[in-house]
Amino acid sequence: MKRLISAGIIALFLILCFTYSIKCPKVVGDPKVTELADISDESSSNGFSLAKYKENHPKVRGIYVTGPTAGTERMDDIIKLINDTELNAIVLDVKDDNGNISFNMDNPDVIETGACIPYIHDIKALMKKLKDNNIYVIGRIPCFKDPILASAKPELGLRTLEGDAVTDAGGNAWVNPCKQEVWDYIISIAQTCGELGFDEIQLDYVRFPVGVNADKAYYGSPSDDESRQKYINDFVIKISDTLHKDGVPVTADVFGTIIKSSLDSRHIGQDYKQLASSLDCICPMVYPSHYASGEFGLETPDANPHDTIFYALDGSKKVLADVPESECAVIRPWLQAFTATWVEGYLEYDGDAIRKQIDAVYESGYEEWILWNSKSNYSSDGLAIK
């Protein structure tokens, strides 16, 4: 009788193991790939309160600042602009789109890659200067587009089965968003930024690649659209859990098109509604120049800065309508502060165009915004003067 019971227990154990192996397949030969089933779904609170963040952080009205700009005397002009106008924040490039760290970061993971280019000679002095001027400092960290990391650690680079590097249109290499070591590298940089006093961490390129040879990328792991969304969301949860322990909020940039396009959303791994429930703040890039002719019923969205922003953000409100306010991230859109001369029928984005976008943000029911100019060229035109 005991033998029969023992045999039954062993049989049951084997059945459970077989079932688990089917549900949670391992990638042979690549143990470094993060498995979806291994990611914890635990709450990202860890002592951080979304409610307190919403209540206590300033309503951000910011501008993007490059590392090279921050390392020159132009930074004094930017600080004066912020002090003279309604602006109160900057989004500073900690890591640029090429993977370069904008200052000498005391971080062994970064030092190992040789990523530091000290555009900013003394980051601590700059941070003090910004804080002395009551400027809210957000650290921008592009995630999975990183030629530096891909070169320093080829095993983390994203490649095709033929061995070719997966790149964007500019030839910039991507790293594998499914690999734990890539996640850890980004989180390590973010933690160092928290120690330096950055008020927020803002993730960019927190998605799967598109274009060029992206469709041929080999991830060594399930890479269907549903898996992609889970990978991105699990990464966001992990970095948020980590930074929340130190009281640092986490923000991420997303394509504006994913607000209403489920196809775009699934393919790049960014689910707008899901991310809005996992992040502290989400920044949709709703630049009018990025919308095709006919979008929102507008022949040239770029030539209609107010209406394009309003319709895009109204769509955001509708998509997030059933997400409880207590669980929903702050929505802080990126606005266009550049002229898109490549768009047929483009509009000159002067102060009037910028003001129309800002007004549309408020009319849509949102309170925060950031201006993007890739060269950090800004003026007071269109901004309220103090």
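Keep in mind it's a predicted model, so treat the numbers as computed, not measured.

Moving on to the overall build of the chain. A count of helices and strands for the chain gives 13 helices and 13 strands. Residues classed as buried in the chain amount to 52% of the 386 residues present. In the chain, 78% of the contacts between residues at least 6 apart in sequence involve partners at least 24 apart.

Looking now at the packing of aromatic side chains. Across all of its chains, the model carries twelve aromatic pairs by this definition. Ring-pair connections join several aromatic residues into one group, and the members of that group are Tyr291, Phe296, Phe310 and Tyr311. In this structure, Lys317 packs its charged tip against the face of Tyr366, placed 5.0 Å from the ring centre.

Ile90, Phe144, Leu203 and Phe235 are the most contacted members of the largest nonpolar core, which has 113 residues in total. With eight residues, helix H8 (residues 180–196) is the single largest residue contributor to this core. With residues up to four places along the chain from it excluded, the contact list for Leu203 reads Ile141, Cys143, Ile186, Phe235, Ile239, Val250, Thr251, Ala252 and Asp253.

Across a regular strand the side chains alternate sides, sitting on one face of the sheet and then on the other. The buried fraction of strand S2 (residues 89–93) is high, at five of five residues. Residues of S2 alternate between two faces, with Ala89, Val91 and Asp93 on one and Ile90 and Leu92 on the opposite face, all of them buried. Of the pairings in the sheet, the one linking strand S1 (residues 61–65) to S2 comprises four bridges and is parallel in character. The residue of S2 that forms the bridge with Gly62 is Ala89.

A few words on the pattern of salt bridges. A complete count under the given rule lists 22 salt bridges for this structure. Among the ionic pairs, Lys238 bridges to Asp184, the shortest N-O distance being 3.6 Å. Placement of Lys238 in helix H9 (residues 225–244) and of Asp184 in helix H8 is noted, with a sequence separation of 54 residues between them. Asp184 sits in the partly exposed class, given a relative accessible area of 35%. Of the charged contacts in the structure, one is a salt bridge between Asp314 and Lys318, with a shortest N-O distance of 3.3 Å. Linking Asp314 with Lys318, this pair stays in helix H12 (residues 305–319), spanning four residues, or about one helical turn. Here the salt bridges do not stand alone but share partners, grouping Asp93, Asp97, Arg140 and Asp204 into one network.

Attention now moves to the packing of H8 against H9. In the contact formed by H8 and H9, the axes pass within 10 Å of each other and the chain directions differ by 35°. The two elements H8 and H9 cross, and the hand of that crossing is right-handed. Side by side, H8 and H9 meet where Gln180, Trp183, Asp184, Ile186, Ile187, Ala190 and Gln191 of the first sit next to Tyr231, Asp234, Phe235, Lys238, Ile239, Thr242 and Leu243 of the second. Grouping the amino acids of the contact of H8 with H9 by side-chain chemistry returns eight nonpolar, three polar and three charged.

Between helix H4 (residues 74–84) and helix H6 (residues 123–132), the shortest axis-to-axis distance is 11 Å and the interhelical angle comes to 20°. If you check the angle between H4 and H6, you find them roughly parallel. Classified by chirality, the crossing of H6 by H4 is right-handed. Packed against H4, whose contacting residues are Met75, Asp76 and Ile79, the element H6 presents Leu126, Lys129 and Leu130 at the interface. Of the residues belonging to the contact of H4 with H6, the class tally is four nonpolar, no polar and two charged.

Moving on to unusual backbone geometry. At Asn134, a position not held by glycine, the phi torsion is positive, near 55°. Judged by relative accessible area, Asn134 falls into the exposed class, the value being 69%. Residue Tyr205 is not a glycine yet carries a positive backbone phi of 50°. Residue position: Tyr205 is located in the loop between strand S7 (200–204) and strand S8 (217–218).

Before going further, it helps to examine H12. Taking 1.5 Å of rise per residue, 15 residues should cover 21 Å, and H12 covers 21 Å from first to last C-alpha, within 8% of that figure. Every buried residue of H12 is accounted for by Pro305, Thr308, Ile309, Ala312, Leu313 and Ser316. The arc that holds the buried residues of H12, viewed along the axis, is 110°, so those residues lie on one side. Turning to H12, the residues buried within the fold contact helix H11 (272–278), strand S10 (281–285), strand S11 (330–331), strand S12 (334–336) and helix H13 (351–363).

With that settled, consider the confidence of the model for the chain. Looking at the chain, the pLDDT average stands at 90 and 88% of residues meet or exceed 70. Across the chain, the secondary-structure element scoring lowest on mean pLDDT is helix H1 (residues 2–23), at 36, and the one scoring highest is strand S13 (residues 369–372), at 99. Predicted confidence is poor over residues 1–31, with pLDDT under 50, and the contacts of this stretch with residues over four places away or in other chains come to eight contacts. Between residues 40–45, whose pLDDT stays under 50, and residues either more than four places distant or in other chains, the model counts twelve contacts.

In this section: the side chain of Asp168. In this structure, Asp168 sits in the loop between strand S6 (159–160) and H8. Looking at Asp168, the relative accessible area reads 13%, which means it is buried. A polar contact is formed between the side chain of Asp168 and the side chain of Lys145, at a distance of 3.0 Å. Of the polar contacts made by the side chain of Asp168, one reaches the backbone nitrogen of Gly170; its length is 2.9 Å. The residues contacting Asp168, other than those within four sequence positions of it, are Lys145, Trp174 and Val212.

Each value, and the rule that gives it
Residues numbered from 1 in each chain as written. Predicted model: local features only at pLDDT ≥ 70, side-chain atom pairs only at ≥ 80, totals over all residues. Heavy atoms only, no water. Helix = DSSP H or I, 4+ residues; strand = E, 2+ residues; numbered from the N terminus. Buried < 20%, exposed > 50% of the residue type's maximum accessible area, 1.4 Å probe, protein only. Contact = heavy atoms within 4.5 Å. Phe/Tyr/Trp six-rings, centres within 6.5 Å; stacked < 30°, edge-to-face > 60°. Lys NZ or Arg CZ within 6 Å of the ring centre and 35° of its normal. Core = buried A, V, L, I, M, F, W, Y, C linked by side-chain atoms within 4.5 Å. Pairing = 2+ DSSP bridges. Salt bridge = Lys/Arg side-chain N within 4 Å of Asp/Glu carboxyl O. Axes fitted to C-alpha atoms, helices over the stretch in contact; angles between N-to-C directions. Left-handed = near helix turned anticlockwise from the far one by under 90°. Nonpolar A, V, L, I, M, F, W, Y, C, P; charged D, E, K, R; others polar. Parallel < 35°, antiparallel > 145°, perpendicular 65-115°, else oblique. Expected span 1.5 Å × (residues − 1). Arc of directions from axis to C-beta. pLDDT = per-residue confidence, 0-100. Polar contact = N/O pair within 3.5 Å; in protein donor to acceptor, adjacent residues only side chain to side chain.

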